[in-house]
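Here is how the chains run, residue by residue.
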2 protein chains.
Amino acid sequence: MLSKIKDLLIGPALPTQILGHKQLNKIRALAAFSPDALASIAYANQEIYLGLIVAGSLGLTYALPIGLGITALLIIVALSYFQTIHGYPSGGGSYIVARTNLGDIPGLLAAAALLIDYLLNAAVSLTAGVAALASAFPNLWPYRVEIALFLLLVITLVNLRGLQEAGTVMAIPVYFFLAAYLSMLAYGLYRLVIEGPTSLASAAPPAMQPVTLFLILHTFSTGSTALTGVEAISNGVPAFRGPQAKNAGRTLLIMAILMGLLFVGSIGLTQFLGVVANPQETILSALSRRLFGSNLLYFFVQFATLGILTVATNTSFAGFPRLAAILARDGFLPRQFSSLGDRLAFTNGVVILGILTAVLIILFGGDTHALIPLFAIGAFLAFTLSQAGMVVHWWREHGRQWGLKSIINGVGALATLTTLIVVIISKFLEGAWITILLVPVILFGFLKVSRHYQQVQKQLSLKGLPPSLKPVEPTRVVIPISGVHRGMVGAVNFAKSISDNVTAVYVELEPGAGKKAQDEWESWWPDIPMVVVPSPYRSTVAPLLQFLDETDAQHNDGQLATVVLPEFIPSRWWQSLLHNQTAWLIKAALLYRRRQHGLERVIIDVPFHLT
Amino acid sequence: MLSKIKDLLIGPALPTQILGHKQLNKIRALAAFSPDALASIAYANQEIYLGLIVAGSLGLTYALPIGLGITALLIIVALSYFQTIHGYPSGGGSYIVARTNLGDIPGLLAAAALLIDYLLNAAVSLTAGVAALASAFPNLWPYRVEIALFLLLVITLVNLRGLQEAGTVMAIPVYFFLAAYLSMLAYGLYRLVIEGPTSLASAAPPAMQPVTLFLILHTFSTGSTALTGVEAISNGVPAFRGPQAKNAGRTLLIMAILMGLLFVGSIGLTQFLGVVANPQETILSALSRRLFGSNLLYFFVQFATLGILTVATNTSFAGFPRLAAILARDGFLPRQFSSLGDRLAFTNGVVILGILTAVLIILFGGDTHALIPLFAIGAFLAFTLSQAGMVVHWWREHGRQWGLKSIINGVGALATLTTLIVVIISKFLEGAWITILLVPVILFGFLKVSRHYQQVQKQLSLKGLPPSLKPVEPTRVVIPISGVHRGMVGAVNFAKSISDNVTAVYVELEPGAGKKAQDEWESWWPDIPMVVVPSPYRSTVAPLLQFLDETDAQHNDGQLATVVLPEFIPSRWWQSLLHNQTAWLIKAALLYRRRQHGLERVIIDVPFHLT
């Protein structure tokens, strides 16, 4: 029943040997690695708009300059990662580059930043996608959390199935998005040339804040989330058709050009067409509505936005579990993150990411704008560490043009570090502090887990054990009994099957009951001695523990007696409230006193089924 | 550590033999059994006031007539219970009286009603006590829930200690309350005579509803909660000094007279002095403030009210666990309710009552008025069943004056039944439906538990088993291993100590790993065969289950092989997230497939301690 539902939702198990690389041509590779980066412009655009609108029409005139500044940063970062692709053709994720070149701690810092980045990318992309949808259908606006959670559930299930067959399917929304947005921008440019620019002054609400340097930096730092996802191609070089590095590098440049074009184009059009959005609409929706009216073309653009953002969410579901698996393999996360599930997906990572994303969406009310301050930190911290690692890489390698290469990555590292500092300062109170707090906490967790696994490794070593292990003593068994009844038969039989030294113990709660029980016992099991222990304080557990301690001390045979407990298995769940309480108490007490004198007592439940 | 905290809060264990009856004289018995009944007038008064104030000053003039009606009901019920005391000198709780005379179902109905009654008495008394306190200190009003929960915690802990030494302590608040209220009423009467009556017309807010029959009945039914607790003495006759029935009967009459005096006196004074309360004050507080001003005497009265209501809460903590224990002894509730704790208190009943009361207080926002509609049903249902049982009792006994006695109890039963019907009709939508729903649910639970215990009793019988039990086969043992390491040593040793037929099974997740493990295994345990099972789908569990099934089928020796699992015991709690996952999966799978072909597999954890 359960397994049938699982098969329906997740699909039947797949054998290990079908795991392998499929090589992608550039067209497919662009679709596979770019959605995260391309989709970023949707929420970055929105953040720039929201950051400036508080300063009225004057504020909004700064949109294009800020957009151009971010595009300059994009060029620097793209060139930086172009070099990473050639330096690490086998896949240069920030964790690997930082750990190899800068050391364990910077590497783990990058890993912590990346995990947070993946998580926030999922939450931000999904909520931004839902905002695009709700801009088109305003009556959905109050249900953004529910819609986002539903889409999240679908994405999680799809990823639990594994995505072997999804390469082509994923390309559709990406190219649909590119086609829709490039056409819209071209048409917008045509309209702008014909109509001439529109002033923002009449449409924008009155300024509530002056234009300050802080406002500009603040807007720049939220807008810089446009860059998230640029690094994706550098992680996936082995997935390209050969010559891998060359093709990957070219794809990265194409992607960066497309990003810049879409980003600057949409910001410029918005500004020169004097577009302003109402509170329940995104600025890109307002731009599209301004150009097309609320007709079919407008809805195409909104669905294209939802589509690319959904696919962008999905990139987190590929990246997070894979990184968690690498960290688990390296001993920094629990091992179960590295086990491939039935469908060759890293099940645990997918499930954890799904849950954490849902928590974020609920906590932040499905509001992209509230999540953004947490987002940029992780991305830019990983960028900085990765680029700094590349500087060390070129310097160590001392290859052709290593100086130039170092300088390019150095400029990248400096630019992203500067952005990181700007983001931290301007966004600290709005939520950046959460990420700043989480990064060291996660780092600390990595180190604790790693140290623990290393210690266990040492303890598990068989070195130092004598080659012939000590001879094994036969087990003594004690059965605590509550009375002479059929529930005891299985336990007594099992005890006899594992030992020739079995004792039954009866704790006498009411004076006189022991004698009666003993007589009954002897008529059924005359070969097994039964001991009656009085209990003046009505506790079943304490006298039993005392009996065990005393007999263990008497035998002094280097072991503690094994306790066999009959366990009632009721046929219905609620009946379990009516049974086994004393057995639980005994077990809890024995577990609480684990390991006396370096020895451990084995407790065995022998089931007795009730009908 | 834990046990030291427990000793500090709860006290050390007490031996069974100190359990016994202490005989109370009338002064102490009144203090022991009357607080519930006396305290009821606090919230009953408040409810009558709240019921009538909506009809303005005209409405409030019905307070005294309603109070006199309730007092008439009180006289009938008190006479009824006076007879119960003489009919059941060994203690005539509603459950016992109804079950003995009317049968199991009416008895259990009474028991269900009583459990609900005890629970609501605790919640209502406590919140009413806190309302008295917050009337005196208005800045405490927003924290009524927190204060009530704190007092509840204290009362629960005191009852977990057991109340051996509390008899005298409990008498203080009772007599303090009586002294404070009787003095206040006397002083009020004096003032009334001197000043003459004050009209309500000027003080009362304008009427929002007309005075209807429904309004009167509604107010009557909430005011009738004044009667709750009258039955307490009849349960406790054995605690009186001899002649027990005579002394208990007299104490009941004294208590009823005191109740009537306090109830009618306070209502009458409130009405004739034209007292009206503001929304954050109880009417008794307003009366006291009207008489004394906000001076020390006023605070005395408020603390006296809080004191008696706290003691009244405590009566639930005596009654509920005792009734639950009786029901558990009779097989209608889980047995653990009948076990006396370390301190000779029915620990489980006390804890459950504490939790349920806390839930009620939180759900109803600490508001007495919201809880009242749930309350009266249980009390009057139990009254009715108990009085009806007494009618049958006298009729069956056919003793002296059995006709008269039957008539008195019959009138009692009729009066309480009528009140019950009025309460149900007038309070249904306000919350009475909850109680009406709960009573049959609890009754159903009693019957389910009882039938289950009876069935188990039959299944546990050894009758029909052959006198000499079948011979026991030696156990076969299978150890699933994850590798050859020190964590296996204990498990292998234990397996060897209980069986000569031990097999290790290694599930090979990565091709080739099995051969390596086998070579290592043979160098340490050459005498134990190790089997490598391939796992093309990366599942550890499925191949292991298949191996067990196949080998069990091969041996066909009337048993399933025992599985010995090495269990890692980490030294810190969080480390348990890093271990034993595979062992858990194996155990879960084996438990899920419990009982194949009528046989059950025993699973044994052998601990390995990590440091």
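Quantities reported herein were computed from a predicted structural model and do not represent experimental measurements. (Residues numbered from 1 in each chain as written. Chains lettered and ligands numbered in written order. Predicted model: local features only at pLDDT ≥ 70, side-chain atom pairs only at ≥ 80, totals over all residues. Heavy atoms only, no water.)

Points about the relation of the copies chain B and chain A
As a reminder, the rule being used: For this overlay, a least-squares fit was computed on C-alpha atoms, restricted to residues scoring pLDDT of at least 70 in both copies. Contacts between residues were defined by any pair of non-hydrogen atoms, one from each residue, lying within 4.5 Å.
Once turned by 179° and shifted 0.1 Å along the axis, chain B lies on chain A with an RMSD of 0.4 Å. The superposition of one copy onto the other is thereby described by a two-fold rotation axis. No C-alpha of chain B lies nearer the rotation axis than that of B:I498, which sits 2.2 Å from it. A shared binding surface is used by both copies, with 99% of the interface residues of chain B retained as interface residues in chain A.

Details of the interface of chain B and chain A
Going by this rule: When two components associate, each loses some accessible surface as probed by a 1.4 Å sphere; the sum of these losses over both components is called the buried area. Between Lys or Arg on one side and Asp or Glu on the other, a salt bridge is scored when a side-chain nitrogen of the former is within 4 Å of a carboxyl oxygen of the latter. Distance and chemistry together define a polar contact, namely a pair of N or O atoms within 3.5 Å, with one atom able to donate a hydrogen and the other to accept it when in protein, and with adjacent residues in sequence counting only for side-chain atoms on both sides. Strands are runs of DSSP state E lasting at least two residues, helices are runs of H or I lasting at least four, and both sets are numbered from the N terminus onward. Basically, the charged four are Asp, Glu, Lys and Arg, the nonpolar ten are Ala, Val, Leu, Ile, Met, Phe, Trp, Tyr, Cys and Pro, and anything else, Gly included, counts as polar.
The interface is formed by 70 residues belonging to chain B together with 71 residues belonging to chain A. Of the roughly 6300 Å² buried between chain B and chain A, counting both surfaces, carbon and sulfur atoms make up 61%. Taken together, the links from chain B to chain A amount to 0 salt bridges. Summed over the shared surface of chain B and chain A, the number is 12 residue pairs in polar contact (both at pLDDT 80 or more). Of all the elements in the fold, those that place two or more residues in the side of chain B that touches chain A are α17 (402-460), α18 (489-498), β4 (562-569) and β5 (603-609) of chain B. A breakdown of the residues in the side of chain B that touches chain A according to their chemical character gives 37 nonpolar, 19 polar and 14 charged.

Describing the pairing of β5(B)
All names here are of chain B. This is how the line gets drawn: The rule is simple: take the accessible area with a 1.4 Å probe, protein chains only, and divide by the maximum for that residue type; under 20% is buried, over 50% is exposed, in between is partly exposed. Here, any two strands with at least 2 DSSP bridges between them count as paired. Orienting the strands away from the viewer, one traces the path from the first strand over the helix to the second; a clockwise path indicates a right-handed crossover.
With 6 of its 7 residues buried, β5 lies for the most part within the structure. Sheet topology note: the β4/β5 ladder contains 7 bridges and is parallel. Bridge pairing in β5 places P566 opposite V606. For the crossover that starts at β4, traverses helix α21 (residues 581-592) and ends in the parallel β5, the hand is right-handed.

Section: helix α17 (residues 402-460) of chain A
Under the convention used in this document: Multiplying 1.5 Å by the residue count of a helix minus one yields the expected span of that helix. The angle between axes fitted to the seven residues ending at a residue and the seven residues starting there is what we call the bend at that residue.
Taking 1.5 Å as the rise per residue, α17(A) with 59 residues should run 87 Å; its terminal C-alpha atoms sit only 46 Å apart, a clear shortfall. At A:F428, α17(A) shows its largest bend, some 125°.

Structural notes on the pattern of salt bridges
Residues and elements named next belong to chain A. Applying the stated criterion across every chain yields a total of 30 salt bridges over all chains. Among the ionic pairs, D330 bridges to R99, the shortest N-O distance being 3.1 Å. Of this pair, D330 sits in the loop between α14 (296-329) and α15 (347-363) while R99 sits in helix α6 (residues 94-102), and the two are 231 residues apart along the sequence. Its relative accessible area of 26% is what places R99 among the partly exposed residues. Its salt-bridge partner being R290, residue E195 comes within 3.9 Å of it at the nearest N-O pair. Placement of the pair is E195 in helix α9 (residues 166-195) and R290 in helix α13 (residues 283-292), with a sequence separation of 95 residues. Look at the salt bridges and you will find they share partners, linking R99, D104, R329 and D330 into a network.

Let's talk about the packing of aromatic side chains
This is how the line gets drawn: Think of it this way: a Phe, Tyr or Trp ring, Trp meaning its six-membered ring, pairs with another when their centres are within 6.5 Å, and the plane angle makes it stacked under 30 degrees, edge-to-face over 60, tilted otherwise. Here, a charge over a ring means that NZ of Lys or CZ of Arg falls within 6 Å of the ring centre while also lying within 35 degrees of the ring normal.
Under the criterion given, the structure shown has 26 aromatic pairs over all chains. The rings of A:F137, A:Y298, A:F299 and A:F303 are connected pair by pair, giving a single aromatic cluster. The ring of B:Y453 carries B:R335 above its face, with NZ or CZ at 4.0 Å from the centroid. The ring of B:W394 is capped by B:K405, whose NZ or CZ atom sits 4.8 Å from the centre of that ring.

Description of a nonpolar patch on the surface
Residues and elements named next belong to chain A. The criterion, for reference: For patches, a residue must show more than 30% relative accessible area and have no salt bridge; joins then use 9 Å for like charges and 5 Å for nonpolar side chains, namely Val, Leu, Ile, Met, Phe, Trp and Tyr. Each accessible area is a Shrake-Rupley result for a 1.4 Å probe, and residues are judged covered by the shown protein chains and nothing else.
Together, F176, L296, L297, F300 and F303 make up a nonpolar patch on the protein surface, roughly 490 Å² of accessible area in all. If you tally residues by element for the nonpolar patch, the top one is α14, at 4 residues. Under the relative-accessibility criterion, F303 is labelled partly exposed at 39%.

Points about the environment of B:T270
Residue and element names in this part refer to chain B. Mapped onto the fold, T270 is located in helix α12 (residues 244-272). Classification of T270 by relative accessible area gives buried; the value is 10%. It is 8.0 Å that separates the C-alpha atoms of T270 and I283, two residues lying 13 residues apart in sequence. Other than its neighbours up to four places away in sequence, T270 contacts V275, I283 and L287.

Considering unusual backbone geometry
Residues and elements named next belong to chain B. The phi angle at H398 is positive, at roughly 50°, despite the residue not being glycine. Phi is positive for N556, close to 45°, though the residue is something other than glycine. With respect to the helices and strands, the residue N556 is situated in the loop between α20 (541-555) and β4. We classify N556 as exposed; its relative accessible area is 64%.

Some remarks on the packing of α6(A) against helix α16 (residues 368-397) of chain A
All names here are of chain A. Put simply, the rule reads: Between N-to-C directions, angles span 0 to 180 degrees; the directions come from axes that are lines fitted to C-alpha atoms, helices contributing only their stretch in contact. Put simply, angles under 35 degrees are roughly parallel, angles over 145 are roughly antiparallel, angles from 65 to 115 are roughly perpendicular, and the rest are oblique. Note on convention: near helix rotated counterclockwise from far helix by under a right angle means a left-handed crossing. Clockwise means right-handed.
In the contact formed by α6 and α16, the axes pass within 8 Å of each other and the chain directions differ by 45°. With respect to α16, the element α6 is oriented oblique. In terms of crossing hand, the pair formed by α6 and α16 is left-handed. Judged by residue contacts, S94, V97, A98, T100, N101 and L102 of α6 engage A382, L385, S386, A388, G389, M390, V392, H393 and R396 from α16. Looking at the contact of α6 with α16 residue by residue, the classes come out as 8 nonpolar, 6 polar and 1 charged.

Focus: the environment of A:G87
Residues and elements named next belong to chain A. You can see G87 is positioned in helix α5 (residues 63-87). With a relative accessible area of 15%, G87 lands in the buried category. For the pair G87 and S234, spaced 147 residues apart in sequence, the C-alpha to C-alpha distance is 9.7 Å. Dropping the residues within four chain positions of it, G87 is found in contact with M390, H393 and W394.

Description of the pairing of strand β1 (residues 476-481) of chain B
All names here are of chain B. Most of β1 sits inside the fold, with 6 of its 6 residues counted as buried. Burial of β1 is two-sided: the residues R476, V478 and P480 facing one way and the residues V477, I479 and I481 facing the other way are all buried. Pairing analysis gives 6 bridges linking β1 to strand β2 (residues 501-508), with the strands arranged parallel. Within β2, the residue paired with I479 across the bridge is A504. Of the crossover connections in this fold, the one passing from β1 over α18 to the parallel β2 is right-handed. For β1 and β4, the ladder comprises 2 bridges, and the chain directions are parallel. The residue bridging V478 from the neighbouring strand is V563, located in β4.

Details of the packing of helix α12 (residues 244-272) of chain A against α13(A)
In a pair of packed helices, the angle between the axes and the distance between the axes together describe the arrangement. All names here are of chain A. The contact between α12 and α13 brings their axes to 10 Å, and the two run at 65°. The crossing of α12 and α13 is left-handed. Of the residues in α13, those in contact with S266, L269 and T270 of α12 are I283, L284 and L287. Tallied by class, the residues present in the contact of α12 with α13 amount to 4 nonpolar, 2 polar and no charged.

Some details on the environment of A:L437
All names here are of chain A. Relative to the assigned elements, L437 resides in helix α17. L437 gets classed as exposed once you look at its relative accessible area, which sits at 54%. Along the chain, L437 and S221 lie 216 residues apart, while their C-alpha atoms are 19 Å from each other.

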